[in-house]
Amino acid sequence: MNQHLLVSIAQEHGLPVYVYDASKITSQYQRLTQAFSAVKKLKINYAVKALNNINVLKIFKKLGSGLDTVSIQEVLLGLEAGFDPHEIIYTPNGVSMEEIEQVAAMGVQINIDNLSILEQFGQKHPNIPVCIRINPHVMAGGNSKISVGHIDSKFGISIHQTPHIKRIVTLTKMHINGIHMHTGSDILDVDTFLRATEILLDVVKEFDTIEFVDFGSGFKVPYKEGDIATDVEELGEKLSARFNDFCVEYGKDLCLMFEPGKFLVSAAGSFLTKVNVIKQTTSTVFAGVDSGFNHLIRPMFYDSYHHIVNISNPEGKERYYSVVGYICETDTFASNRKINEIRENDILCFNNAGAYSYTMASNYNSRYRPAEVLVKDGKAFLIRERETFEDLIRNQVILDI
Ligand SMILES: *Cc1c(COP(=O)(O)O)cnc(C)c1O
């Protein structure tokens, strides 16, 4: 994003602040739909958990996207943003039967990922169409915390349990309208993904009522120069061809679905924070910022890399820094990072802060969550106010003791 604009947003709205670029969200969405333009029926369901601001959801609504949700609260946010229930798919893991029933009663497409709930739901509601989440046990890349397709994973119904799924469906006479997989967060090579696809399509063949096949997500995005990213165009070309052939074989134009989060919003986000202190120790120069893992936990939780730019001194001499937060625990955003000379009160910009950044923020150390700003058509709009002390104590019940 334009550095002058970011500096002016910092001046107007204060720091720390999250800034999202609507045009980048739009171009990522269009790139994905373009890559799959050979498919007759395509539906992209944006994964709300990546970034849940209602204004962002409204951008997706305008683009023609649906939503992928993992909790009833995300469903409510989607409805608030103006989505119809039938544009929302609900893919929870380990939630109660009651919550699934509530969401189904709203008219949202439910996706069930275990045999116990499938059997209970089928017995009680044989007429409500259900999608089934399959675990194809194809190991996708990435961090072990985000890889969810392996044999010991808690996600999905194992491909080896397909006979059991079929038995439940026959006995309950329930209606299965979709087959789904979500193998993990980083698809590093297209061939691995296509292998998982074959496994999934074999399951589709076992049912004659399928209307859509949902391939989940896991598009890897580049965080720094030289990073491997999912080749969306190559995936689009190969998977579309395979899918179109499969539809002929199946005898119906099925809908191909994806549910990306990171791919659609990661690069659109910037996180801006002020440098409180420069501290030179015997071995390191620390830049201590006015934030911490309470605002951006990905570097500590996933070891993820966020490129950091000193937007206050873009021409400054490059030096090596460790950028750390103010939390009273080790919270290192970056070690030995080459950054244009940092001075106290400079503004640092963390890139790729659109996905799993604000949504994972907390009040740890009794700090306020930051504001959020959306840049649209060159103008900046405040879309979430910074928290205040009122927010911190709102739900505390203060006893007279
Ligand atoms: C988190 C999640 C996604 C989105 O994953 P990204 O890596 O952000 O694209 C999609 N589907 C399901 C079921 C998820 O849990």
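Residues numbered from 1 in each chain as written. Predicted model: local features only at pLDDT ≥ 70, side-chain atom pairs only at ≥ 80, totals over all residues. Heavy atoms only, no water.

Draft legend 1. Region of interest: the domain arrangement of the protein chain. Its domain assignment divides the protein chain into domain 1 (22-262) and domain 2 (269-386). Of note, the centres of domain 1 and domain 2, computed from C-alpha atoms alone, are 33 Å apart. Every contact between the two is made by 16 residues of domain 1 and, on the other side, 18 residues of domain 2. Along the contact surface separating domain 1 from domain 2 lie zero salt bridges. For the pair domain 1 and domain 2, the interface holds eight residue pairs in polar contact (both at pLDDT 80 or more). (Domains from an automatic or database assignment. Contact = heavy atoms within 4.5 Å. Salt bridge = Lys/Arg side-chain N within 4 Å of Asp/Glu carboxyl O. Polar contact = N/O pair within 3.5 Å; in protein donor to acceptor, adjacent residues only side chain to side chain.)

Draft legend 2. Here's a closer look at the environment of Met1. Summarising the element assignment, Met1 is placed in the segment before helix H1 (3-13). On the basis of relative accessible area, Met1 is assigned to the partly exposed category, the value being 36%. Along the chain, Met1 and His125 lie 124 residues apart, while their C-alpha atoms are 49 Å from each other. Setting aside residues no more than four positions away along its own chain, Met1 makes contact with Leu6, Val19, Tyr20, Asp21, Ala268, Ser270 and Val375. (Helix = DSSP H or I, 4+ residues; strand = E, 2+ residues; numbered from the N terminus. Buried < 20%, exposed > 50% of the residue type's maximum accessible area, 1.4 Å probe, protein only.)

Draft legend 3. Focus on helix H4 (residues 72-80). Taken together, the buried positions of H4 are occupied by Ile72, Glu74, Val75 and Gly78. Angularly, the buried residues of H4 cover 155 degrees about the axis, an arc narrow enough to put them on a single face. With respect to the buried face of H4, the exposed residues turned more than 90 degrees away are Gln73 and Glu80. Structurally, H4 contributes buried residues whose contacts are with helix H3 (54-63), strand S3 (66-69), strand S4 (88-90) and helix H5 (97-105). At the exit of H4 stands Gly82, carrying a positive phi of roughly 105 degrees. (Arc of directions from axis to C-beta.)

Draft legend 4. Just unusual backbone geometry, in detail. The omega torsion across Leu15 and Pro16 is -10 degrees, close enough to zero to call that bond cis. Mapping Pro16 onto the fold places it in the loop between H1 and strand S1 (17-21). Despite not being glycine, Asp303 has its phi angle at roughly 55 degrees, a positive value. By the secondary structure assignment, Asp303 is in the loop between helix H11 (298-301) and strand S13 (308-310). Residues other than glycine seldom take positive phi values, yet Ser366 does so here, at roughly 55 degrees. Summarising the element assignment, Ser366 is placed in the loop between strand S16 (347-350) and strand S17 (371-376).

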